[in-house]
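# Architecture at a glance
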Amino acid sequence: MIFALISEGVDTIFGYPGGQVIPLYDSLYDYGQDIRHILVRHEQGATHAAQGYARVSGKVGVALVTSGPGATNTITGIADAMMDSTPIVVISGQVPSPLLGTDAFQEIDVIGITQPITKWAYQIRKPEEIAWAVSRAFYIASTGRPGPVVLDFTKDAQVGTLDYKYSKVTHIRSYQPAPEPEPASIAAAADIINNAMRPLALVGQGVILGGAERELKLFLEKADIPAASTMLGLSAMPSGYRLNKGMLGMHGNVGPNRKTNECDVLIAIGMRFDDRVTGNPEFYARQAKIIHFDIDLSEIGKNIPADIAVPGDVKETLPAVTALLKPAVHTEWISKFEPDEQEEYDKVIAPMLNPPADAPLNMGEVVHRVAQAAGKDAVLVTDVGQNQMMGVRYFRYDCTRSVVTSGGLGTMGFGLPAAIGAKFGAPERTVCLFVGDGGLQMTVQELGTIMQEHTNVKIILLNNRFLGMVRQWQELFFNKRYSATTMENPNFTAIAEAYNIKSRSASTRAELSEAIAEMFALDEAFLLAVEVATDSMVYPMVPAGAAISNIIMGDDNNE
């Protein structure tokens, strides 16, 4: 197994040993110079760390765990990777083959549990299957629409012997990673775009996964098309790029959300029309012709009907369409975003970033000030909740693969282990984690991993003593009935100190400035615990079930 992993280019594994995987760990002992093993503190942390590693490096993340509870503890991370198209391979130990089906100690049907949330799940029962299964696993995880693969490894297969021979899997008869581009669809898409007066491009993570950032820019430039990103698609375009109009969705920017229902051609590129992006589909872009580029045929027409489907790898299909485009100028259409941008700035952004001197700190200004100090190459990692929405809204992106967050599953506790994985995936980059007091406490034990590995992660805790996003919904839609959302929290800086991690708290703007400067001056992990307003709200907001252009801009401003 170790030879097979090395053959696949694996240099880092996140794992936690146990009884049924000891033989694999024993083999790993002799190959520390080839593969670095990161001992997490919980198997869920291993999967999220593997995700963070994969998202910033573009490689397949690997988690190694034991049988039974070790394997079941990975389920959340596997499901998260499936929904967010993250390539990871999870290897679990299993009881010896003769004991399968006997309810042996720490036996669980890993394949049965994980098949619905993986691209492939396979149980290795013979050593002769190892090389084939590992190569197949990495091929499936990394090609087409990426995703998780599980290999369940019986103990007798782990200790068996054979003459190892590696053979790289590059084709599977029943598996087509990407559909072949269709010349007729490409020509039809180009024709519609050439005749568009008000085109709008929606950029998803598929552009990043396909390595098509350059192809996207050439496409947008030639046809002069404004574009906006899904949350996972952020950083496919630099924040300051002239055609980048921000983020789509429930807490996205006003301009692209409104213009979705005003454009005449909507061009979806590597995105799946998630409900948080579309709002109520009955009122979504009914006036527009919709062109959908995607590698996954099952996504085309699933949520929003497409007038033209452009199946295939966007790194191939985008240039093919671009070649047929006529150079265009849409100055008047692009200028129509400006009033929306100004309104959002005046009503939401300016009050957030320039609050009264005596007002409590708010999440948005903390994110903004950290982003200014972090530098243009920094990686943003978030947990889930208000910290996530404020993080993606107020951070800035100059490089691709700069956002690591849990999108489809919305997993609290994702942030801390994912930040650890991100730092191992891109050790040369600054990694900034924004996390709430609720999410941090779900995987706080991974501070032990940071301590042991001396992982330089900058942790910015936005502590409002609430489950903030649930509280926001309770305030807006449940008559301010704050049921089970207040939190009595520990002394977070004392916890960091117990893990030998430098820390500092801040509750004023002066303290925040000093703490940010100290945090980035140190070449080591740091926990900055910021006390923020308990009643913070994330605006703009599109209420669930509303049209995407029905935007709440503040407490007394519902359009």
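Worth saying up front: this structure is predicted, and the values here are computed from it rather than measured.

A separate point is the overall build of the protein. Check the secondary structure of the protein and you find 24 helices and 20 strands. Here the protein has a C-alpha radius of gyration of 24 Å; the compact-globule value for 559 residues is 24 Å, and the two agree. C-alpha atoms of the protein, sized along the principal axes, occupy 70 × 60 × 40 Å. In the protein, 75% of the contacts between residues at least 6 apart in sequence involve partners at least 24 apart.

Next up on the list: the state of the cysteines. This structure, assessed with the given rule, holds zero disulfides. Of all cysteine sulfurs, the one in Cys399 lies closest to Cys432, which takes part in no disulfide; the gap is 13 Å.

Time to look at the domain arrangement of the protein. By a widely used convention, the size of an interface equals the accessible area lost when the partners come together. Domain boundaries in the protein define domain 1 (2-159), domain 2 (183-337) and domain 3 (360-531). Centre-to-centre separation of domain 2 and domain 3, based on C-alpha positions: 31 Å. With 17 residues of domain 2 at the interface, the matching set in domain 3 holds 19 residues. Here domain 2 meets domain 3 over a buried area of about 1,400 Å², counting both sides, of which 62% is carbon and sulfur. In terms of surface lost to domain 3, no three residues of domain 2 exceed Met231, Ser235 and His251, which account for 41% of the buried area on that side. For the interface between domain 2 and domain 3, the tally reads zero salt bridges. Counting every contact that joins domain 2 to domain 3 gives six residue pairs in polar contact (both at pLDDT 80 or more). Along the lines of polarity and charge, the residues of the side of domain 2 that touches domain 3 split into nine nonpolar, five polar and three charged.

Quick look at the sheet that holds strand β17 (residues 502-506) now. Pairing in this open sheet of six strands is parallel, and the strands run β14-β13-β15-β16-β18-β17 from one edge to the other. Two strands bound the open sheet, and with one partner strand each, they are β14 (403-404) and β17. Sheet topology places strand β15 (residues 431-436) next to strand β16 (residues 457-463); six bridges connect them, and they run parallel. In the strand pairing of β16, Leu433 is matched with Ile459. Packed onto the sheet, helix α17 (residues 363-374) meets β15, β16 and β18 (526-531) and runs at close to 165° relative to β16. Sitting on the sheet, helix α19 (residues 415-425) is in contact with β13 (379-382), β14, β15 and β16, with an inclination near 175° to β15.

With that settled, the discussion passes to empty space enclosed by the protein. Enumeration according to the criterion identifies two cavities of 30 Å³ or more in this entry. In terms of lining, the largest cavity is formed by Arg55, Gln205, Ile208, Leu209, Leu232, Leu234, Ser235, Arg401, Ser402 and Val403. Here the element with the most residues in the lining of the largest cavity is helix α10 (residues 205-209); it accounts for three residues. Partitioned by chemical class, the residues of the lining of the largest cavity number five nonpolar, three polar and two charged. Residue contributions to the lining of the largest cavity reach at least three from each of two domains, namely domain 2 (183-337) and domain 3 (360-531). The computed volume of the second largest cavity comes to approximately 40 Å³. As for the second largest cavity, its lining consists of Met1, Ile2, Leu5, Ile13, Leu24, Leu28, Val62, Leu64 and Ile91. Class assignment of the residues belonging to the lining of the second largest cavity gives a composition of nine nonpolar, no polar and no charged.

Before going further, it helps to examine the sheet that holds strand β8 (residues 227-229). The pairing of strands in a sheet happens through backbone hydrogen bonds and is either parallel or antiparallel. On the basis of which strands lie adjacent, the open sheet formed by six strands has the order β9-β8-β7-β10-β11-β12 and parallel pairing. The sheet is open, and its two borders are formed by β9 (244-247) and β12 (308-311), each paired with just one other strand. Geometrically, the sheet is characterised by an average inter-axis angle of 20° between neighbouring strands, direction not taken into account. Set on the sheet, helix α11 (residues 213-223) makes contact with β7 (199-203), β8 and β10 (265-269); between it and β10 the angle comes to about 170°.

Secondary-structure assignment places Glu365 in helix α17. In contact with Glu365, not counting residues within four places along its chain, are Met352, Leu353, Pro355, Pro360 and Arg509.

Every buried residue belonging to helix α5 (residues 75-83) is among Gly77, Ile78, Ala79, Asp80 and Ala81, and all of these are buried. Elements in contact with the buried residues of α5: α3 (43-57), β4 (88-94), α6 (110-114) and β6 (148-154). Of the residues trailing α5, Ser85 is marked for its positive phi of about 55°.

What follows deals with the layout of surface pockets. To locate leftover empty space, one rolls a probe as large as a water molecule over the atoms. For the second largest pocket, the calculated volume is near 510 Å³. Surrounding the second largest pocket, 24 residues form its lining, Lys245, Gly246, Asn253, Arg393 and Arg396 being those nearest its centre. At the level of secondary structure, the elements contributing two or more residues to the lining of the second largest pocket comprise β9, α12 (254-260), α16 (337-353) and α18 (386-394). Residue composition of the lining of the second largest pocket, grouped by class: 12 nonpolar, seven polar and five charged.

Calculation notes
- Residues numbered from 1 in each chain as written.
- Predicted model: local features only at pLDDT ≥ 70, side-chain atom pairs only at ≥ 80, totals over all residues.
- Heavy atoms only, no water.
- Helix = DSSP H or I, 4+ residues; strand = E, 2+ residues; numbered from the N terminus.
- Rg over C-alpha atoms; globule rule 2.2 N^0.38 Å.
- Contact = heavy atoms within 4.5 Å.
- Disulfide = S-S within 2.5 Å.
- Domains from an automatic or database assignment.
- Buried area = accessible area lost by both parts, 1.4 Å probe.
- Salt bridge = Lys/Arg side-chain N within 4 Å of Asp/Glu carboxyl O.
- Polar contact = N/O pair within 3.5 Å; in protein donor to acceptor, adjacent residues only side chain to side chain.
- Nonpolar A, V, L, I, M, F, W, Y, C, P; charged D, E, K, R; others polar.
- Pairing = 2+ DSSP bridges.
- Axes fitted to C-alpha atoms, helices over the stretch in contact; angles between N-to-C directions.
- 1 Å grid on protein atoms, 1.4 Å probe; cavity = no way out; pocket = protein on both sides within 12 Å on 5 of 7 lines; lining within 4 Å.
- Points joined across faces, edges and corners; volume = space filled by probe spheres on them.
- Buried < 20%, exposed > 50% of the residue type's maximum accessible area, 1.4 Å probe, protein only.

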